[in-house]
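Below, each chain spelled out in residue letters.
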Amino acid sequence: PSSARAVAVAALGRVARVTAVCRALRRCEDEGDEPGWARAREEAEAALRELREVVRPLREPGYGEALRRKAERARKRRLRLQRRKHEARAAKEEEAARAAEREAKIDQWRAKCIQEVEEKNRERELKAAADSVLSEVRKKQADTKRMMDVLCGLEKLRKLRKEAAARKGVCPPPSADEAFENQVESLKTLLKTRTELYEAEERALRVMLEGEQEEERKREMEKKQKKEREKLLQQKLEMDSKLFGDPGKHSAVNTCGVRGTVELFDMDCSTSQAAEFPLAHLLQPFRDYYLQAEHSVAALIQIRHEWDQYLVPADHPEGSCIPPGWVLPSLPTNDTWAT
C-alpha cells in the first residue's frame, strides 16, 4: 500500500503537468503560435510518456487484487491491534477495580479488627481499674476489720488487767473507765462509718462490674446471633443454588432439569381450551398426562387420592404432610446423571 500510494502521488503530479501542457496547447492554438504549439506538443508527449511509465505497475494483471488484499490485511491488523489495546485497557481497568475492591475490603477488615482490639483493650483497662479499686476497697475493709479486732482485743485485755488488779486490791477510778469506754465507742463509731462507706463503694463497683459483664454477655450474644444469621443465610443461598442454580448464570434454569419444561406444560396445557397439538408433537404425551383427569374418572380419583395422601397429619400411617420448606434434590448417583 505504501508503494502504491507513492505511485499514485507521482501519477497525480504527472497528470497535473499534462493538464498544464494541454492548456498551453489550446492557448497557442488560439493565438496561432505554431512554434509554441510544437514545443507544447513535445512537452505533452513527454509528460504522457512519463505518466504511462509511472502508472505501468498499476496496470499489471492482479496488481489491484493484491493491493486490495494487502490493504484488507492492513485494515484487519489495525482493527486487531485496536481490539487488543481496548481489551488490554479493559482488563487493566477491571484489574484496578478488583484491586480497589480488595483494598477496600482489606481496609474494612483492618478497621474492624482495630476496633475490636480497641474495645477489648478498653474493656480490659476498665475491668483492671475496677478490679484495682475493688481490691483497694477490700483492703480498706480488711484494715477496718483488723482495727475492730484490735479494739475488741484491747477491751478484753483491759478487762483481764482490771480483774487482776481487783484481786490485788487495786481499783481504778470510775473516770478512767468512763474515758476508756468513750474513746472505744468513738473509735467503733468511726470504724462503723468507714465500714458502711466501704460497703457502699463495693456495692457500686459490683453493680458497675455486673453492668459491664451484662454488656459483654449481650455483645457475645449479638455476635453469636449474627453468626447464626450468616450461617442461615449461607445455607439459604446454598439451598437456592441447589434448587434454582447459580443466579449469576442465565443458563442455570434449575438443578432438576425439568422446571422449564413443566412451566411450559403449565402454560400450554393448563386449560382444556388450549390449542391442540399435532399427533406427532413432542409435548403431546405430556399434555395427555396432565389432562388425563378431564377424560377419565378413574384417573381423576387416582390423582385426588395421590394428593390427599399429603393432606394428613404428620403421624398418619398411609401418608405424609407437605414439608414446610424446600425439598432438596438428592445427590447424583452416577456420572451420567451428574452431567
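Residues numbered from 1 in each chain as written. Predicted model: local features only at pLDDT ≥ 70, side-chain atom pairs only at ≥ 80, totals over all residues. Heavy atoms only, no water.

- An unreviewed UniProt entry annotates the protein chain as Programmed cell death protein 7 of Lamprotornis superbus.

### Re a positive patch on the surface
At step 1: A surface patch of positive charge is lined by Lys70, Arg73, Arg77, Arg78, Arg80, Arg83 and Arg84.
At step 2: Along the chain, Arg78 turns up in helix α3 (residues 63–167). (Patch = residues over 30% accessible without salt bridge, like charges linked within 9 Å, V, L, I, M, F, W, Y side chains within 5 Å. Areas by Shrake-Rupley, 256 points an atom, 1.4 Å probe, with all protein chains shown as cover. Salt bridge = Lys/Arg side-chain N within 4 Å of Asp/Glu carboxyl O. Lys, Arg positive; Asp, Glu negative; His and termini not counted. Charge placed at Lys NZ, Arg CZ, Asp CG, Glu CD. Helix = DSSP H or I, 4+ residues; strand = E, 2+ residues; numbered from the N terminus.)

### Describing the packing of aromatic side chains
At step 1: For the structure shown, the criterion picks out one aromatic pair.
At step 2: Between Tyr289 and Tyr290, the aromatic rings sit 5.4 Å apart at their centres with planes inclined by 75°, giving edge-to-face as the arrangement.
At step 3: With relative accessibility at 37%, the residue Tyr290 sits in the partly exposed group.
At step 4: The ring of Phe180 carries Arg158 above its face, with NZ or CZ at 4.8 Å from the centroid. (Phe/Tyr/Trp six-rings, centres within 6.5 Å; stacked < 30°, edge-to-face > 60°. Buried < 20%, exposed > 50% of the residue type's maximum accessible area, 1.4 Å probe, protein only. Lys NZ or Arg CZ within 6 Å of the ring centre and 35° of its normal.)

### Concerning the UniProt feature "coiled-coil region" (unreviewed entry) in the protein chain
At step 1: UniProt's feature table lists "coiled-coil region" (unreviewed entry) at residues 64–112 and 210–238, given in the numbering used throughout.
At step 2: Along residues 210–238 one finds 100% helix and 0% strand; the C-alpha atoms at either end are 41 Å apart. (UniProt positions renumbered as here; feature names shortened; annotations may be inferred.)

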